[in-house]
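# Structural overview for review
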Protein chains: 2
Amino acid sequence: MDKNTKVAVLGGGSWATAIVKMLSENLDSIGWYMRSVYAVEHIKRNKHNPNYLSSAELHPEQLDLSSDINATVANYDVLIFAIPSAFLKSELDKLTVSLKGKVIFSAIKGIVPESGYIVGEHFFEEYQIPFEDIGVITGPCHAEEVAMERLSYLTIACIDGHKARFVSKCLKGRYIKTKISDDIIGTEYAAMLKNIYAIAAGICHGLGYGDNFQSVLMSNSIREMKRFIKKVHKMKRNINNSAYLGDLLVTGYSTFSRNRMFGNMIGKGYTVKSAMFEMSMVAEGYYATKSAYKINEKNGARTPIINAVYNVLYGGKEAKSEFLKLTNRLN
Amino acid sequence: MDKNTKVAVLGGGSWATAIVKMLSENLDSIGWYMRSVYAVEHIKRNKHNPNYLSSAELHPEQLDLSSDINATVANYDVLIFAIPSAFLKSELDKLTVSLKGKVIFSAIKGIVPESGYIVGEHFFEEYQIPFEDIGVITGPCHAEEVAMERLSYLTIACIDGHKARFVSKCLKGRYIKTKISDDIIGTEYAAMLKNIYAIAAGICHGLGYGDNFQSVLMSNSIREMKRFIKKVHKMKRNINNSAYLGDLLVTGYSTFSRNRMFGNMIGKGYTVKSAMFEMSMVAEGYYATKSAYKINEKNGARTPIINAVYNVLYGGKEAKSEFLKLTNRLN
């Protein structure tokens, strides 16, 4: 990894756009793949992503934009994936070039629905990428605040510290601080689990619970997250670091979080189907809930919050009675 | 402690009123001391506290109201103090009857400015109340939500589990759940320290930092709180329990918190004096900051957030530059 290492971002959403913006502060040239030919052309001409984070000014002269995923993968060494997990598999299915020798960083917060893996595991299991070549970029970070250049802290995790430091150097700057970690499993699970807790927070809000209860829910959520992750991958980690607790809080307390909004509608009495229809999208925590529940069936951590959300989203249980039961399991 | 044990609340503010409301659900008769003769008469006639939490309906037939602190102290066994810490000493100075044999529960979140002690220590040092007779009632709990009967969780701490369970039984009910703890020092310091972190959160908000940074600040605050309390009183405690982390979050994320509001004004450029004048009151975290700073000078925990707040409130430092320095000390 040196000055000649070429970095690309894959994805056309808010978070991908925010990452491109951060990289633009440090790198002369950045590869950027997105599916939409229209968006590529729009960015080249108007210096803004037409669909997401459109307030962020982009610099097309630094960008090697492409709507051909094979071209981007073939030409770049470090591939930062920021494609929503629900679309990752269909994007990867387009690949005809090899991922061999590539360094893969996941900036995706979720589970690949088809495989049930978190993103790092998916690349390891399905593409035989060695764990030393897999990394994670995690918040707490709303993309919108990156656009506004508000100070944000990222955690860059990779077992190979050299690669973590390289990506960290590419991202950090005036309004971005970075921290290095070697916990690729824990940080990625945290990023995925927090969406479930954000759904829970939304459901409670929709049901009329107040701020006192929300703080109890978050306090229980971080303890539950710790138990869950410990069963998946036991190592020394401080669950109160920004990548875990901070990420949970920025999502759980955000009224803009799609997962929280989705939960709020469920709490207010929408069916799962109609909430999804109203939002015209699927909240990532929806898939995460099922996967986390299934994973934990084997692992057996005490996870009353995940269970309650699962029972409501997949078990046909009524939110009101299910969360009333939950209140007796929290403290 | 049995059915004949008599319980009184001392204080006339929101939190005192909320505690009286909770007790009224379980006890036939409650002593209630408040300074204001007018408020006592108003409650008797109108079933509401005229000044605080006036939406809560009170039941004068259950209340032994008094504006004579000596009468209340003399006649009751368990005394729940909910007087703001800044006024505690002047109230206690009125005592002519003895506190000997009384069980004292503190529902006060702060430091006694004159002695520099947390409330439990103050009673131990100044009144020789043995630690087994001292307890703490702590949140996360906004009094306003108790008035609305929104589900809230309290932690009742006492070294003597029997006393903790007794008070817990008096408080819990339809909308109140309780948890027992033996960490009277830790829970009380947490309740005090959280006000400093709420001031810090307010300062950052006033300076224009966003949600991404707030979550990093809270994540760092709970780690700092853990280090601070560990130096004061080392014991096995889970800092992520509701009494510590939950209490921090409900205050740090509340836009109604007076401490956060005070910090916000400082961040927006008010001087300490003018912010106090505008609020026509002193935020409890103001005193807590000085005490915590002094205590930690001896203990030597790493407390960059407390130090930054101290430097702004007492050291004449500019909030903007002090908090810019702070951002480099967080992660």
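Computed from a predicted model, the values in this text were never measured in an experiment.

Right, let's get into the nonpolar core. Ranked by size, the top nonpolar core spans 154 residues in total, and within it A:Phe262 and B:Phe262 carry the most contacts. Filtering out sequence-adjacent residues up to four positions away, B:Phe262 remains in contact with B:Ile199, B:Val272, B:Ala275, B:Met276, B:Met279, B:Ala283, B:Tyr286 and B:Leu313.

The subject of this paragraph is the packing of aromatic side chains. Residues and elements named next belong to chain A. Inspection of the entire model under this criterion finds 23 aromatic pairs over all chains. For the ring pair Tyr286 and Tyr314, a centre distance of 4.8 Å and an interplane angle of 25° mean the geometry is stacked. Highlighted residues: Tyr286 in helix H13 (residues 284–299) and Tyr314 in the loop between helix H14 (304–313) and helix H15 (319–327), separated in sequence by 28 residues. The exposure class assigned to Tyr314 is partly exposed, which follows from its relative accessible area of 24%.

Here 4 bridges tie strand E2 (residues 30–33) of chain B to strand E3 (residues 63–66) of chain B, and the two strands are oriented parallel to one another. By the bridge assignment, B:Tyr33 is partnered in E3(B) with B:Ser66.

Per the UniProt entry, the sites bearing "domain: Glycerol-3-phosphate dehydrogenase NAD-dependent C-terminal" (unreviewed entry) are residues 183–320 of chain A in this numbering. When the span residues 183–320 of chain A is considered, its composition is 75% helix and 0% strand, and the gap between its end C-alpha atoms is 37 Å.

Residue and element names in this part refer to chain B. Overall, mixed pairing links the 8 strands, which are arranged E3-E2-E1-E4-E5-E8-E9-E10 in an open sheet. The two strands at the open ends of the sheet, each matched to only one other strand, are E3 and strand E10 (176–181). The sheet shows a mean angle of 20° between the axes of neighbouring strands, direction not considered. Relative to E2, strand E1 (residues 7–10) runs parallel, the two sharing 3 bridges. Its bridge partner being in E2, Leu10 is matched across the sheet by Tyr33. Strands in contact with helix H2 (residues 37–46) are E2 and E3; relative to E3, the strand with the most contacts, it is inclined by about 155°.

Scoring rules and cut-offs
Residues numbered from 1 in each chain as written. Chains lettered and ligands numbered in written order. Predicted model: local features only at pLDDT ≥ 70, side-chain atom pairs only at ≥ 80, totals over all residues. Heavy atoms only, no water. Core = buried A, V, L, I, M, F, W, Y, C linked by side-chain atoms within 4.5 Å. Buried < 20%, exposed > 50% of the residue type's maximum accessible area, 1.4 Å probe, protein only. Contact = heavy atoms within 4.5 Å. Phe/Tyr/Trp six-rings, centres within 6.5 Å; stacked < 30°, edge-to-face > 60°. Helix = DSSP H or I, 4+ residues; strand = E, 2+ residues; numbered from the N terminus. Pairing = 2+ DSSP bridges. UniProt positions renumbered as here; feature names shortened; annotations may be inferred. Axes fitted to C-alpha atoms, helices over the stretch in contact; angles between N-to-C directions.

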